[in-house]
Amino acid sequence: MKITITDVRKRYGDVVALDGPSFEIPSGSTFGVLGTNGAGKTTLFELLVGHHEPDAGRIEVGGLDVERAGHRVRERVAFLPEHAGFPSSMTGREVLSVHARIRGLADREARIDDALETVGLADAADRAVEGYSNGMERRLGLASALLAEPPVLVLDEPTAGLDPRGVATFHEIVERIDRETDATVVLSSHVLSEVERLCDTVAVLEDGELRTVGDVDELRAAGETVTVVLQSADDPARLLDAVQGWGEVVETTNAIEVTCERDAAFDLLSAIDSETIDRFEVREPGLEAAFRKALATETAAGDEPAAETEVDA
Amino acid sequence: MSDGSEPEAAAPAARTEPALRSDGGYETAANARESSTRRPTAVDGGRSGSWYRQLFVVAETEYRLAVRGRWAVALAAIFAAFALGLTTFSGASVGPEGFERTVASLAALAVYLVPLLALAFGYDVIVGREESGWLQTLFSLPIDRSWIVVGAAVGRAVVLASAAVIGFGIAGGFLLWEFGFAGFGTYVAFLLAAVGLALAFLAIGVLVSTVASEKTHALGTALLAWAWFVLVHDLLGLGVIAAFDLSETAVSVLLMANPTGIFRALVLGSLGAAGDAGFAAVLAETGVSSPILIGALIAWIVVPIALAAIAVRRRRV
C-alpha cells in the first residue's frame, strides 16, 4: 500500500515540526525515516495515522487522504507510538484483546496467541503489565501492532529499550514481513546499522525538512570517501609520515586510518608502495556516511558551523 | 465520515499492492495456507468494530481498571462509612420523622463529600491515561476519539454509581430495619439524587481531564471546580438575589447553574426542609418542578461529557 507525502507542514506554536517534505513510500517496501532528535520523525508518523491534521499539504495512504479518512486509514495502519503504554493492572493478553475487539478482528484468541508467541511473550501473557520490563512492554506494543496483520506498519523507534535478544527478534519479524508479505513497513530508528539492514529506502529529515531520500544501496554507494586502514609493525611512525596529506588521518591503537576521496585511495596505495605494510583494508562508507553527508550539505549551505549530529549508531 | 473513493478496493489488486484480506489484514504466504482452516473473515465485513461495540470495550476496560485499582471498594466504603456514621448519630428518634431527619442530615453533608469523591475519581480519566501512554495507544486504533471519552466516562460512571448505591444502600438497610418502610421513599429519593450528583461531578471531572494538559493541572482545576460549586456559588448567588430584583426565571437559571443546588432542591425540598437549605429555599419559591430539576441534573451529566467528547478531537498527544 503506497504512502504519498506531499508538502506537509506542521507547526506547534513557534516550533516548525515539519516544513514541507514530499516523498513517496513504495508499496511493500521497508522504509526508514532517519533524523536527529527533533527532526520531525514522530510528527510525521502522527500525521500519517491521523493523530493531528497538517497545517498544509497532504498525506495519502493507499489513496486515502489521512485528513479526510483518518478512521479508515487507521483500519489499515498499525502504529506503534514511541511512547506507547498500557494500564499496569492489565495483562498482556487483555491489552491485545482490547486491540482486537476495537479492530473487530475475528478469531481473536488465535491471533493473540500468535502475536504473543511471535514477540516472545507467550509465557508472560497472563501476567500484569506492571511486572513487565521496559523491553517486554515494547514487545507487547509490537505484538499489538502485528495483531491485525495490517497492510501498513508504522513503528516509531521500535527497538528503543529492547535488549539485544529483543532487537534480534524484532529484526527477524520485520525481515519475515518483508519476505513473506506485501505489507509496507515504515520505521524510524537512531540505529543506522539497523536501518541499513532492514530498509530498502530511507528518508533523512532535519529540522522538519527532507534532506535526502533514496534507495539504501544507492545512498551508501554515493558516499564519495573511503577509509584506508593500514598497519605496519616495523615502522609505524614512518608510515604515518607517508600518509600525511592524503586525507583525514587518524592513528588508532594499532593502525592508521586515512579517510580520503574514493579516487585518491589508489594513488595513496601506490604512494606508500615502498613502505612495509603488514595489513591494509579499504572500508566502504556505510549509511552513516550518507546520513552525515546529507546533514552536512545543508549545514554548509546555511553557512552554519558544522555541528556534531546526535546519532546513536 | 466520508472517505471518498478507495482505489485499492475498487481496482483489482495489482502485484505491487498488498493482497488485502476482507478483515483489512495482509495475506502472507503462511496465513494464505492457513486462512481457510484457522482464520475466518473478521466481523463487520473487514471494518473495525461497530461504534457501540467499541464503546462497550472502552467502558468495560475502564470499569475493570477502576475495580482493580480498588476505587470501587474505596468509594463504596467511604459512602457506607459516611452514611452509617450519620445514621448512627442522627437516627435517635424512631419513626418516619427520624427517617427524614436522617436523610436531611445526609443530604446536607453529601453536598460536600459526593462532589469531592466524584471529582477525585474522574479528574485523571483522560489525562492520566495519556501520561501512562494508553491514550496514545487507543488513539492509534480505528475508533473515534469521542467514543474513547464517552466509553471511559460510562465505565467510571458505572463504578461510581454502583459504589454510591452499595455504600448508601448499606446505611439504607439499617434505616429500613430501624424505621420500617414508612418514609423509606425519601431515602430512595436521596440515594438517586446522590447518584445523579455524583455523576454530574464525574462528568465535570471528565471534562476537566480532557481539557487539561497535565494531571496536576487537572487536579488543581477539579479542586477549584469543587470550591466554586460547593462553597462559592451559593454565597455569590444568594448575594446577587439579595442585591437585585431578579425575575423567577433568572433565579431558577442561576440556581440550576449548580448541580449541588439542584440536589439540595430535589432532596431537601421534598422533605419540606427548604427553609434551611439556602438556594433550595429560593427554588421552592420559584416553583421549579421536580421533572425540571431532574432534567437539569441529567443535563449536568450529559453536557460536560458531550463537551469533552468534542474537545478530545483537538487534543494533542
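Everything numeric here is computed off the predicted structure, so don't read it as measured data. (Residues numbered from 1 in each chain as written. Chains lettered and ligands numbered in written order. Predicted model: local features only at pLDDT ≥ 70, side-chain atom pairs only at ≥ 80, totals over all residues.)

Visitor: Could you clarify how one ought to interpret the overall build of chain B in this entry?
Guide: Of regular secondary structure, chain B possesses 14 helices and 0 strands. From first element to last, N terminus to C terminus, chain B shows the α and β order α-α-α-α-α-α-α-α-α-α-α-α-α-α. The buried share of chain B, reckoned over its 317 residues, is 47%. Taking contacts inside chain B between residues at least 6 apart in sequence as the whole, the part at least 24 apart equals 78%. (Helix = DSSP H or I, 4+ residues; strand = E, 2+ residues; numbered from the N terminus. Buried ≥ 20, exposed ≤ 12 C-beta atoms within 10 Å, placed from the backbone. Contact = placed C-beta atoms within 7 Å.)

Visitor: I would appreciate a short explanation of the overall build of chain A in the present structure.
Guide: Within chain A, the regular secondary structure consists of 11 helices and 15 strands. By residue count, 48% of the 313 residues in chain A fall in the buried class. A separation of at least 24 residues holds for 69% of the contacts in chain A among residues at least 6 apart in sequence.

Visitor: What's the story with the sheet that holds strand 14 (residues 256–261) of chain A in this structure? I'm lost.
Guide: Sheet strands line up and pair through hydrogen bonds in the backbone, either parallel or antiparallel. All names here are of chain A. The strand order across the open sheet formed by 4 strands is 13-14-12-15, and the pairing between neighbours is antiparallel. A single partner strand is all that each edge strand has here, and the edge strands are strand 13 (248–251) and strand 15 (279–283). Sheet twist, expressed as the average angle between the axes of neighbouring strands with direction ignored, equals 20°. Pairing between strand 13 and strand 14: 4 bridges, direction antiparallel. Counted as the bridge partner of E251 is I256 from strand 14. Strand contacts of helix 10 (residues 262–271): strand 12 (225–231), strand 14 and strand 15, with the helix running at about 130° to strand 14, the strand carrying the most contacts. (Pairing = 2+ DSSP bridges. Axes fitted to C-alpha atoms, helices over the stretch in contact; angles between N-to-C directions.)

Visitor: Would you mind going over helix 6 (residues 164–180) of chain A with me for this structure?
Guide: Spacing of three or four residues puts side chains on the same side of an α-helix, whose turn is 3.6 residues. All names here are of chain A. Between the first and last C-alpha of helix 6 there are 24 Å, a value that for 17 residues agrees with the 24 Å anticipated at 1.5 Å per step. Those residues of helix 6 that sit buried are G166, F170, I173, V174 and I177. Taken around the axis of helix 6, the buried residues stretch over an arc of 90°, which confines them to a single face. The outward face of helix 6, more than 90 degrees from its buried face, is lined by the exposed residues P164, R165, A168, E172 and R179. (Expected span 1.5 Å × (residues − 1). Arc of directions from axis to C-beta.)

Visitor: Teacher, can you tell me more about the sheet that holds strand 10 (residues 201–206) of chain A here?
Guide: Residue and element names in this part refer to chain A. An order of 7-8-9-4-10-11 is seen for the 6 strands of this open sheet, with the pairing classed as mixed. Looking at the sheet topology across the chains shown, the edges are occupied by strand 7 (77–80) and strand 11 (209–215). Ignoring which end each strand starts from, the neighbouring axes of this sheet average 15° apart. As paired elements, strand 8 (residues 152–156) and strand 9 (residues 184–188) share 5 bridges and run parallel to each other.

Visitor: Is there a simple way to think about the UniProt feature "transmembrane region" (unreviewed entry) in chain B in this case?
Guide: The positions UniProt marks with the feature "transmembrane region" (unreviewed entry) are residues 71–92, 104–126, 147–175, 187–211, 223–244 and 292–312 of chain B. Within residues 147–175 of chain B, the helical portion is 100% and the strand portion 0%, while the C-alpha atoms at the span's ends are 40 Å from each other. (UniProt positions renumbered as here; feature names shortened; annotations may be inferred.)

Visitor: Quick question: what am I supposed to make of the nonpolar core here?
Guide: Soluble globular proteins: nonpolar side chains tend toward being buried together. If you look at the biggest cluster of nonpolar residues, it comprises 170 residues, and the most contacted ones within it are L160, A194, A198 and A203 of chain B. Considering every element that reaches this core, the biggest residue donor is helix 9 (residues 184–211) of chain B, with 17 residues. What A194 of chain B contacts, discounting residues up to four positions off in sequence, is A110, V114, A164 and F168 of chain B. If you look at the next biggest cluster of nonpolar residues, it comprises 9 residues, including V226, L230, L239 and L268 of chain A. (Core = buried A, V, L, I, M, F, W, Y, C linked by C-beta atoms within 7 Å.)

Visitor: Can you help me understand the packing of helix 4 (residues 108–118) of chain A against helix 5 (residues 134–147) of chain A in this one?
Guide: In helix packing, the relevant descriptors are the interaxial angle and the interaxial distance, both defined with respect to the helix axes. Residues and elements named next belong to chain A. At a closest axis distance of 9 Å, the pairing of helix 4 and helix 5 adopts a crossing angle of 135°. When the axes of helix 4 and helix 5 are compared, the pair comes out oblique. Here the hand of the crossing between helix 4 and helix 5 comes out right-handed. When helix 4 is examined against helix 5, the residues R111, I112, A115, L116 and T118 are found in contact with a partner set consisting of A143, L146 and L147. Here the residues of the contact of helix 4 with helix 5 are counted per class, giving 6 nonpolar, 1 polar and 1 charged. (Parallel < 35°, antiparallel > 145°, perpendicular 65-115°, else oblique. Left-handed = near helix turned anticlockwise from the far one by under 90°. Nonpolar A, V, L, I, M, F, W, Y, C, P; charged D, E, K, R; others polar.)

Visitor: Help me understand unusual backbone geometry, please; the structure alone is not making it clear to me.
Guide: The bulk of non-glycine residues show a negative phi, and the bulk of peptide bonds are trans. The phi dihedral of E149 of chain A is positive, around 45°, even though this residue is not glycine. Residue placement: E149 of chain A occurs in the loop between helix 5 and strand 8. One non-glycine residue with positive phi stands out, namely R70 of chain B, at about 70°. Along the chain, R70 of chain B turns up in the loop between helix 3 (51–68) and helix 4 (71–90). Under the C-beta neighbour-count criterion, R70 of chain B is labelled exposed, with 11 such atoms within 10 Å.

Visitor: What should I look at first to understand the environment of S188 of chain A in this one?
Guide: All names here are of chain A. Along the polypeptide, S188 turns up in strand 9. In the structure, S188 is positioned 14 residues away from V202 in sequence and 9.4 Å away in space, judged by C-alpha atoms. S188 has contacts with V33, K41, F45, D156 and E157, leaving out every residue within four places of it along the chain.

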